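The residues making up each chain are set out below.
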Amino acid sequence: MAKTKIQYECSACGHLSPKWLGLCPACGEWHTFEEKVAEKKKSTKKHKVDISDNGEAEAVALKDVQQSKEERVSTNLSEFDRVLGGGIVDGSFLLLGGDPGIGKSTLMLQVAQKCPNMKILYVAGEESASQIKQRADRIGMSGDNLLIYNNTDIRNVISQARKIKPDLLVVDSIQTVFSSELSSLPGSVQQIRECSAMFQQIAKKEGITTLMIGHVTKEGDIAGPRILEHMVDTVLHFEGDQSQLHRLLRGVKNRFGPANEVGVFEMRDTGLHEVNNPSDLFLAEMNSSVSGNCVTCVMEGSRPILIEIQALVTPSNYSTPQRTASGFDQRRLSLLIAVLEKRAAMSFAGQDVYLNIAGGLKINDTAADLAVVAALASSLKDKPIPEKSLYIGEVGLGGEVRRIPFLKQRLSEAEKMGFKHAVLPVSKTASTSKMNLKPADQIMKAL
């Protein structure tokens, strides 16, 4: 009997090694190698699921390429269409990732509910048809245009898709689909790579719009090889906190529209509901009479959103004061505290500092720096910030307040929400605003 050959495979990129390694030389990830049995080499023959053309394609000069107009289909969900760039492009290949229970399957059912004229084939690998029916009844969906297929063999799925020819093929999830020609388990790097390549051929060569739902790792990245995200046309992340009602649909990659766009939904017992004014949602419970509360405006794609920043500075009972941030980069918080101590003569020695972005939102926009600085100073002095005041601006290490992009859109959103005052960097583009503006080039002039 032949001896079984053991190999080690990186779960992040699929790199093979004859022995276990702590660091993957291909992708640089640590402790990702897993033991697997090496597959025997098979004779080179065409794949059983082969939809490639028999003839060879000829090279074409760029000037002779006929450009076809992208045909989009609206999903009648304005927030979903916003992230996609106006709707689903025919024959596109999409990937939707998110935490377990965040609402990915519910979102797909509501797309089917809002598009009764669209034929949708739903490949259910994680739920039975009766479970999907229960969720559909909860959101008030009849489901005449939704076809459920409980089979995860890639050959059967593609055969069913060719037979039905749906307008949208939803695969829930790509980690459950498998090819019987591979010996590895469903969800492995080889299975995901192979099955995704076949779905890509179906989408591109037969014009069936395909949307795959993917699992995420504990770090929040989509599980599987990185090539999966390069292969698809659009990568969507469905984000949110289980303790919060709102959900964010974020476009990470989009070949047919702007990336980094954000759609906001609110989870209710009847499903996901669109939030057309997210600023009102995040400022609904703000108390401006308490020190440490400050409002800023961040850009999520092309959408300005007003958010509340809460800071609490209190004497510490420990020898090393704590620095805790929720929804904000903790290292940047430490940097801004150091700037306040050096440039504004404020002492945070012996003080615990807690920073929170209200509503569970996570922000990376540096335009929130000035609001964080103002909230810290307000809590340290125990002096509330004036009501209906907006603070926007990036803070440098020298204590200077730097310019930020999309200043006009931010001020316009603040005016719409009834704000009267704004502290901002020195800029000529803000002169058209009707608000009472206070330009500042140093943080001492802003506080």
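Residues numbered from 1 in each chain as written. Predicted model: local features only at pLDDT ≥ 70, side-chain atom pairs only at ≥ 80, totals over all residues. Heavy atoms only, no water.

As for the overall build of the protein
- Looking only at helices and strands, the protein features 11 helices and 23 strands.
- Over its C-alpha atoms, taken along the principal directions, the protein stretches across nearly 75 × 55 × 55 Å.
- Taking all contacts inside the protein whose residues are at least 6 apart in sequence as the whole, residues at least 24 apart take part in 65%.
- Of the side-chain charges in the protein, 54 are positive and 52 negative, and the distance between the mean point of each set is 3 Å. (Helix = DSSP H or I, 4+ residues; strand = E, 2+ residues; numbered from the N terminus. Contact = heavy atoms within 4.5 Å. Lys, Arg positive; Asp, Glu negative; His and termini not counted. Charge placed at Lys NZ, Arg CZ, Asp CG, Glu CD.)

Concerning the nonpolar core
- Ranked by internal contacts, the top residues of the largest apolar core, which has 44 residues, are Phe328, Leu333 and Leu376.
- Elements with a minimum of two residues in this core: strand 13 (262-268), strand 15 (293-300), strand 16 (303-315), helix 8 (330-343), strand 18 (351-357), helix 9 (369-381) and helix 11 (443-446).
- Considering every element that reaches this core, the biggest residue donor is helix 9, with eight residues.
- Contacts of phenylalanine 328, omitting those with residues within four sequence positions, involve Leu333, Leu336, Leu355, Ile357, Ile363, Asp369 and Val372.
- Formed by 32 residues, the second largest nonpolar core is a distinct cluster that contains Val83, Leu84, Met108 and Tyr122. (Core = buried A, V, L, I, M, F, W, Y, C linked by side-chain atoms within 4.5 Å. Buried < 20%, exposed > 50% of the residue type's maximum accessible area, 1.4 Å probe, protein only.)

Things to note about the side chain of glutamine 191
- Residue position: glutamine 191 is located in helix 5 (residues 189-205).
- Each residue touching glutamine 191, except ones within four places of it in the same chain, is listed here: Val177, Phe178, Ser179, Leu182, Ser184, Leu185 and Pro186.

Here's the deal with the sheet that holds strand 6 (residues 93-98)
- Taken together, nine strands build an open sheet; the order of strands is 8-7-9-10-6-11-12-13-14 and the sheet is mixed. Each edge of the sheet is formed by a strand with only one pairing partner; in this case those strands are strand 8 (146-149) and strand 14 (271-274). Each adjacent strand pair in this sheet contributes to an overall mean axis angle of 25 degrees, direction not counted.
- Pairing of strand 11 (residues 234-240) with strand 12 (residues 246-254), which is carried by seven bridges, proceeds in the antiparallel orientation. Directly across from histidine 237, in strand 12, lies its bridge partner arginine 250. (Pairing = 2+ DSSP bridges. Axes fitted to C-alpha atoms, helices over the stretch in contact; angles between N-to-C directions.)

Side note on helix 5
- A rise of 1.5 Å per residue sets the reference length of helix 5, with its 17 residues, at 24 Å; its end C-alpha atoms lie 24 Å apart and thus fit the reference within 8%.
- Those residues of helix 5 that sit buried are Val189, Gln190, Gln191, Ile192, Cys195, Ser196, Met198, Phe199, Ile202 and Ala203.
- Backbone geometry just after helix 5 places glycine 207 at a positive phi near 70 degrees. (Expected span 1.5 Å × (residues − 1).)

Quick look at a nonpolar patch on the surface
- The grouping of Val60, Leu62 and Val65 at the surface amounts to a nonpolar patch, some 340 Å² of accessible area in total.
- By the secondary structure assignment, valine 60 is in the loop between strand 3 (33-37) and strand 4 (72-73).
- Residue valine 60 is classed as exposed on the basis of its relative accessible area of 57%. (Patch = residues over 30% accessible without salt bridge, like charges linked within 9 Å, V, L, I, M, F, W, Y side chains within 5 Å. Areas by Shrake-Rupley, 256 points an atom, 1.4 Å probe, with all protein chains shown as cover. Salt bridge = Lys/Arg side-chain N within 4 Å of Asp/Glu carboxyl O.)

So, the pattern of salt bridges
- Inspection of every chain in the model, using the stated rule, returns 19 salt bridges.
- Note that glutamate 261 is salt-bridged to arginine 82, the shortest N-O span being 3.5 Å. With glutamate 261 in the loop between strand 12 and strand 13 and arginine 82 in helix 1 (residues 78-84), the pair connects residues that are 179 residues apart, well separated along the chain.
- Judged by relative accessible area, glutamate 261 falls into the buried class, the value being 5%.
- We note a salt bridge from glutamate 300 to arginine 250, for which the minimum N-O separation is 2.6 Å. With a gap of 50 residues between them, glutamate 300 in strand 15 and arginine 250 in strand 12 connect regions that are remote in the sequence.
- The structure contains a network of salt bridges with shared partners spanning Lys204, Asp233 and Arg255.

With respect to the sheet that holds strand 2 (residues 16-17)
- Strand order in the open sheet made by the three strands is 2-1-3, with antiparallel pairing throughout. For this open sheet the edge positions go to strand 2 and strand 3, each flanked by a neighbour on one side alone.

Description of the environment of methionine 198
- Structurally, the position occupied by methionine 198 is in helix 5.
- For methionine 198, a relative accessible area of 4% puts it in the buried group.
- Methionine 198 sits 40 residues away from isoleucine 158 along the chain, and the two C-alpha atoms are 8.3 Å apart.

Examining helix 4 (residues 154-164)
- By the burial criterion, the buried members of helix 4 are Ile154, Val157, Ile158, Ala161 and Ile164. For helix 4, the arc enclosing every buried residue in end-on projection is 135 degrees, short of the 170-degree limit, so these residues lie on one face.
- Between a side-chain oxygen at the N-terminus of helix 4 and the backbone nitrogen of arginine 155 the separation is 3.1 Å; the capping residue is aspartate 153.
- Immediately beyond the C-terminal end of helix 4, within one or two residues, lies lysine 165, with a positive phi of roughly 55 degrees. (Arc of directions from axis to C-beta. Polar contact = N/O pair within 3.5 Å; in protein donor to acceptor, adjacent residues only side chain to side chain.)

What to know about the packing of helix 2 (residues 104-114) against helix 3 (residues 129-138)
- It is at 11 Å that the axes of helix 2 and helix 3 come closest, and there the two elements cross at 65 degrees. When the interaxial angle is binned, helix 2 and helix 3 end up roughly perpendicular. Where helix 2 crosses over helix 3, the two elements pack in a sense that is right-handed. Contact residues: Ser105, Thr106 and Leu109 in helix 2; Ile132, Arg135 and Ala136 in helix 3. (Parallel < 35°, antiparallel > 145°, perpendicular 65-115°, else oblique. Left-handed = near helix turned anticlockwise from the far one by under 90°.)

Some details on the confidence of the model for the protein
- Averaged over all residues, the pLDDT of the protein equals 88, while 94% of them reach at least 70.
- Within the model, pLDDT remains below 50 along residues 42-49, and this stretch shows 11 contacts once partners closer than five positions in the same chain are excluded. (pLDDT = per-residue confidence, 0-100.)

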